[in-house]
Amino acid sequence: MATPCRLTLILLATVAAVAASHPAHEVGGGGAAGCGGGDGTRILIKGGTVVNAHRAEEADVYIEDGVVVAVRPNIPVGDDNVKVIDATGKYVMPGGIDPHTHLEMEFMGTVTIDDFFTGHAAALAGGTTMHIDFVIPVNGNLTAGIESYKQKAEKSAMDYGFHMAITKWNDEVSREMEVMVKEHGINSFKFFMAYKGSLMVTDDLLLQGLQKCKSLGALAMVHAENGDAVAEGQQRMIDLGITGPEGHALSRPPVLEGEATSRAIRLAKFVNTPLYVVHVMSIDAMEEIAKAKREGQRVIGEPVVSGLVLDDSWLWDPDFATASKYVMSPPIREAGHGKALQAALSSGILQLVGTDHCTFNSTQKAFGSDDFRKIPNGVNGIEERMHIIWDTMVEAGKITVTDYVRVTSTECAKIFNIYPQKGAILEGSDADIIILNPQKNFAMDAHTHHSRSNTNVYEGRKGKGLVEVTISRGRVVWEDGNLNVVPGSGRYIRTPPFGYLFDGIEKSDAVYRASLRAPVVRSKAAA
């Protein structure tokens, strides 16, 4: 295994080449001593089917210094200093990008069990080569929040970006948002419509936030649940003597997710700014997104793996440890919602898949053994996502292999304005690549996964389609079931503002102003 010091030295020789390939994005800043870039390894992947979101083709892929140099058939090996990987009969695809994670997050009186090393190790073993994590402000202060997360990310082992949560509103927060975009490379801000008394923002604050996002060319994201009604629902369950994990789902039914999704969509329409709805868990929310898209509104719907393939029956398990591990918000829904979300993903109503990886072990979950309101909300998924989506959607014939690349990687890169540096296997793209064997099977188990959690909501799940090799910026980090990762080797990826979702916004604003037929010039009435 390469040492962090060796990686640092190698970086000095490769930063210039990588920066020249991607001048718009930050190269260093994420790892210890500025670690980043490729490790100088030259790799030739031969004989596979290269799959991008726009096409699949039989081709070889040549990688040098962490960047894709060539994609074409029959690339000659050249010399003995090239690592050759035979991908015959396999798919060569961009590494996954998870748009929704919470590593080392302080929440509900504890901290998520996976940090920026164990979470990255799990991701790489599962074929994900980049993620975007949510920075939580410190007492509402964005600058303090980003500094805290930079320290957390010093142990990173793969590329990552940041969203920023907004948990209160005042003039200082507004000013800090501009700093986040222009100086820290953050182009997305999340507003919680739930978690009353802690993270929740009210409608007036959300409205101001939407307007600020629009002016900065930053994407507004919402956790869409009616926080006031959820608080009422929680008290209702307690009054009925329902204190177990099932009370969590009963207190925040799909109608509250649908209502908040509808409200956020309408406020975004009023402001005329794009909207991203995170972890769409219900038919109710999905249908609001579908309606808005039919009417031409720019709304992104993000389902997560748990919502696509699990149902809420586990919350009624008589064993608390089993039931509590499925507690997340919005809740995993009853059977039927997942199938509808899968159909929406296959038809393009929902556009990309995240995980909301937010892991707590059984000891932490037990904080709420007498009151479901104290169970830390969150499930795993960063290691399982790529396999589950392949088995559930591709093997079942619901999406194509090119669609698979789109929903697990490319669409995320495009939305957050880092394509084609990420999300593609093209000349000049970062060499974030996986090799998937469609004939091999996988099995999921808390005893063998790479998360620090002692539980797994996909325990015992089996399927077809195995990621055999993961390459992160030209480094083979997962091969033959062996993980080769180094703390501090990750790199922070800046996400520039004004992505494609903002194209033409100013024109539609002009059309709106022209349609007002106002102000009307009126003569003053005679005295």
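Residues numbered from 1 in each chain as written. Predicted model: local features only at pLDDT ≥ 70, side-chain atom pairs only at ≥ 80, totals over all residues. Heavy atoms only, no water.

What follows covers the overall build of the protein. Counting secondary structure elements, the protein contains 16 helices and 20 strands. What you see for the protein is a C-alpha radius of gyration of 23 Å, in line with the 24 Å of a compact globule of 527 residues. Judged by the C-alpha coordinates and their principal axes, the protein covers about 95 × 65 × 45 Å. In the protein, buried positions account for 60% of the 527 residues. Sequence-distant contacts, at least 24 apart, represent 78% of the contacts inside the protein between residues at least 6 apart. Here the protein has roughly 20,000 Å² of accessible surface; of this, 52% comes from carbon and sulfur atoms. Positive and negative charge centroids in the protein, built from 51 and 63 side chains respectively, lie 6 Å apart. (Helix = DSSP H or I, 4+ residues; strand = E, 2+ residues; numbered from the N terminus. Rg over C-alpha atoms; globule rule 2.2 N^0.38 Å. Buried < 20%, exposed > 50% of the residue type's maximum accessible area, 1.4 Å probe, protein only. Contact = heavy atoms within 4.5 Å. Areas by Shrake-Rupley, 256 points an atom, 1.4 Å probe, with all protein chains shown as cover. Lys, Arg positive; Asp, Glu negative; His and termini not counted. Charge placed at Lys NZ, Arg CZ, Asp CG, Glu CD.)

A word on the sheet that holds strand β6 (residues 82-86). The four strands lie next to each other as β5-β4-β1-β6, forming an open sheet whose pairing is mixed. The open sheet terminates on both sides in strands that have one partner only, identified here as β5 (67-72) and β6. Between one strand and the next, the sheet's axes are offset by a mean angle of 15°, whatever the strand orientation. Across five bridges, strand β1 (residues 42-46) lies against β6 in parallel orientation. (Pairing = 2+ DSSP bridges. Axes fitted to C-alpha atoms, helices over the stretch in contact; angles between N-to-C directions.)

The next subject is the packing of aromatic side chains. A complete count under the given rule lists 13 aromatic pairs for this structure. Considering the side-chain rings of F162 and Y492, the 5.4 Å spacing of their centres and the 40° angle between planes classify their relative orientation as tilted. Of the two residues, F162 is situated in strand β12 (residues 159-166) and Y492 in the loop between β20 (482-483) and α16 (505-515); the sequence distance between them amounts to 330 residues. Each member of the pair, F162 as well as Y492, carries the same accessibility label: buried. An aromatic cluster is present here, built from F116, Y149, Y160, F162 and Y492 joined pairwise through their rings. Over the face of the ring belonging to Y195 we find R252, whose NZ or CZ atom lies 5.8 Å from the ring centre. (Phe/Tyr/Trp six-rings, centres within 6.5 Å; stacked < 30°, edge-to-face > 60°. Lys NZ or Arg CZ within 6 Å of the ring centre and 35° of its normal.)

Before going further, it helps to examine the confidence of the model for the protein. On average, residues of the protein carry a pLDDT of 92, and 92% of them reach 70 or more. Low pLDDT, under 50, characterises residues 1-37; the stretch is placed with 79 contacts to residues that sit more than four places away or in other chains. (pLDDT = per-residue confidence, 0-100.)

A separate point is the nonpolar core. Nonpolar side chains in soluble globular proteins tend to be buried together. Counting residues in hydrophobic clusters, the biggest one holds 98 residues, and the most contacted among them are F162 and F189. When residues no more than four places from it in sequence are discounted, the contact partners of F162 are F116, I132, D133, V135, I146, Y149, A153, I186, S188, Y492 and T495. (Core = buried A, V, L, I, M, F, W, Y, C linked by side-chain atoms within 4.5 Å.)

Two quantities define a packed helix pair, namely the angle between the helix axes and the distance between the axes. Between helix α9 (residues 283-294) and helix α12 (residues 337-347), the least distance of the axes is 9 Å, while the angle of their chain directions is 25°. With respect to α12, the element α9 is oriented roughly parallel. Like other packed secondary-structure pairs, α9 and α12 cross with a definite hand, here left-handed. Listed contacts from α12 to I283, D284 and M286 of α9 are H337, A340, L341 and A344. In terms of residue class, the contact of α9 with α12 is made up of five nonpolar, one polar and one charged. (Parallel < 35°, antiparallel > 145°, perpendicular 65-115°, else oblique. Left-handed = near helix turned anticlockwise from the far one by under 90°. Nonpolar A, V, L, I, M, F, W, Y, C, P; charged D, E, K, R; others polar.)

Let's shift gears to the sheet that holds strand β16 (residues 299-301). Two strands in a sheet stick together by hydrogen bonds in their backbones, pointing the same way (parallel) or opposite ways (antiparallel). With parallel pairing, seven strands are arranged side by side in an open sheet as β8-β11-β12-β13-β14-β15-β16. In this open sheet, the two strands that pair with only one neighbour each are β8 (96-101) and β16. Pairwise comparison of adjacent strand axes, ignoring direction, gives a mean angle of 25° for this sheet. As defined by bridge partners, β8 adjoins strand β11 (residues 128-135) across four bridges and the pair is classed as parallel. Residue pairing across strands places T101 opposite D133, the latter belonging to β11. Its contacts with the sheet place helix α5 (residues 203-216) against β13 (188-192), β14 (219-223) and β15 (275-277), and it is angled at close to 175° to β13.

The end-to-end C-alpha separation of helix α15 (residues 401-415) is 20 Å, in line with the 21 Å expected for 15 residues at 1.5 Å each. Of all the bends found along α15, the most pronounced is centred on V407 and spans about 50°. When you tally the buried positions in α15, you get 13 out of 15 residues, the bulk of the element. After α15 finishes, the residue N417 shows a positive phi value of roughly 65°. (Expected span 1.5 Å × (residues − 1). Bend = angle between axes of the 7 residues up to and from the residue.)

Moving on, we get to the environment of M393. Its place among the elements puts M393 in helix α14 (residues 385-394). A residue is classified by how much of its surface remains accessible, and M393, at 0% relative accessible area, is buried. For the pair M393 and R461, spaced 68 residues apart in the sequence, the C-alpha separation amounts to 15 Å. Dropping the residues within four chain positions of it, M393 is found in contact with Q342, L345, S346, I388, K398 and I399.

Now for the pattern of salt bridges. Applying the stated criterion across every chain, the model contains 26 salt bridges. Between E104 and K155 there is a salt bridge, and its shortest N-O distance comes to 3.2 Å. Here E104, found in the loop between β8 and β9 (106-107), pairs with K155, found in the loop between α3 (142-152) and β12; they are 51 residues apart in sequence, far enough to count as distant. For E104, a relative accessible area of 21% gives the class partly exposed. (Salt bridge = Lys/Arg side-chain N within 4 Å of Asp/Glu carboxyl O.)

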